[in-house]
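Structure at a glance
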Amino acid sequence: MADGNDSPDITMTDRAARRISKILSSEPEGSMLRIAVLGGGCSGFQYDFQIVQAREDDDLVLERDGAVVLIDEMSQQYMPGAVIDYTEELIAAAFKIDNPLATANCGCGTSFSI
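Residues numbered from 1 in each chain as written. Predicted model: local features only at pLDDT ≥ 70, side-chain atom pairs only at ≥ 80, totals over all residues. Heavy atoms only, no water.

Attention now moves to the sheet that holds strand 6 (residues 83-88). Strand order in the open sheet made by the three strands is 1-6-7, with mixed pairing throughout. Both outer strands of the open sheet, strand 1 (11-12) and strand 7 (93-98), are each paired with one neighbouring strand and no more. As paired elements, strand 1 and strand 6 share two bridges and run parallel to each other. Counted as the bridge partner of Thr-11 is Val-83 from strand 6. Along the sheet, helix 1 (residues 14-25) makes contact with strand 1, strand 6 and strand 7, crossing strand 6 at roughly 75°. (Pairing = 2+ DSSP bridges. Helix = DSSP H or I, 4+ residues; strand = E, 2+ residues; numbered from the N terminus. Contact = heavy atoms within 4.5 Å. Axes fitted to C-alpha atoms, helices over the stretch in contact; angles between N-to-C directions.)

This paragraph deals with a negative patch on the surface. There is a patch of like negative charges on the surface, built from Glu-56, Asp-57, Asp-58 and Glu-73. In this fold, Glu-73 is placed in helix 2 (residues 73-76). (Patch = residues over 30% accessible without salt bridge, like charges linked within 9 Å, V, L, I, M, F, W, Y side chains within 5 Å. Areas by Shrake-Rupley, 256 points an atom, 1.4 Å probe, with all protein chains shown as cover. Salt bridge = Lys/Arg side-chain N within 4 Å of Asp/Glu carboxyl O. Lys, Arg positive; Asp, Glu negative; His and termini not counted. Charge placed at Lys NZ, Arg CZ, Asp CG, Glu CD.)

Structurally, Ser-31 can be placed in the loop between helix 1 and strand 2 (32-39). Of the polar contacts made by the side chain of Ser-31, one reaches the side chain of Gln-53; its length is 2.6 Å. The residues touching Ser-31, leaving out its near neighbours within four places in the chain, are Leu-24, Ile-51, Val-52 and Gln-53. (Polar contact = N/O pair within 3.5 Å; in protein donor to acceptor, adjacent residues only side chain to side chain.)

The next subject is the confidence of the model for the chain. Across the chain, the average pLDDT comes to 82, with 78% of residues at 70 or higher. Predicted confidence in the chain is weakest over strand 9 (residues 111-113), with a mean pLDDT of 47, and strongest over strand 5 (residues 67-71), with 96. (pLDDT = per-residue confidence, 0-100.)

Right, let's talk about the pattern of salt bridges for a bit. In the structure shown here, the tally under the stated rule is four salt bridges. Across the pair Asp-14 and Arg-64 runs a salt bridge, and its minimum N-O distance is 2.4 Å. Taken together, the residues Asp-14 in helix 1 and Arg-64 in strand 4 (residues 60-64) connect sequence positions 50 residues apart. What makes Asp-14 partly exposed here is its relative accessible area of 38%. Of the charged contacts in the structure, one is a salt bridge between Asp-59 and Arg-34, with a shortest N-O distance of 2.7 Å. (Buried < 20%, exposed > 50% of the residue type's maximum accessible area, 1.4 Å probe, protein only.)

Moving on, we come to the pairing of strand 5. With five of five residues buried, strand 5 is to be regarded as a mostly interior element. Alternating positions in strand 5 separate into two faces, Ala-67, Val-69 and Ile-71 on one and Val-68 and Leu-70 on the other, with burial throughout. Direction of pairing for strand 2 relative to strand 5: parallel, over a ladder of three bridges. Each bridged residue has a counterpart across the sheet, and for Arg-34 the counterpart in strand 5 is Leu-70. The sheet contact formed by strand 4 and strand 5 spans five bridges and is antiparallel. Pairing of Arg-64 across the sheet is with Ala-67, part of strand 5. Once strand 4 ends, the chain turns through two residues before running back antiparallel as strand 5, passing Asp-65 with a positive phi of about 50°.

Structure, rendered in structure tokens:
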């Protein structure tokens, strides 16, 4: 799923790919979803999701069913083996990242600690 970078085995599920593809279909052509790990959040690190138009040279590129996800090199080190998923529950729908490196997550699921 990666394009030439040494993949740290970050993957996305079919559900996530379908949802990302749907979101990107309403954006300008060539749009991609960038996922980054930033310092902050209630558990120490937090995920940041942005729609972008440009790739960086060090990006890990995941492509599946029309979905294009970019993850910068710095963020990759905090996500080895992570699975990007999309869940729909009775009270909420959201992207969820199952990160084996995370030792704790906050209640909202957008921040974690290692």
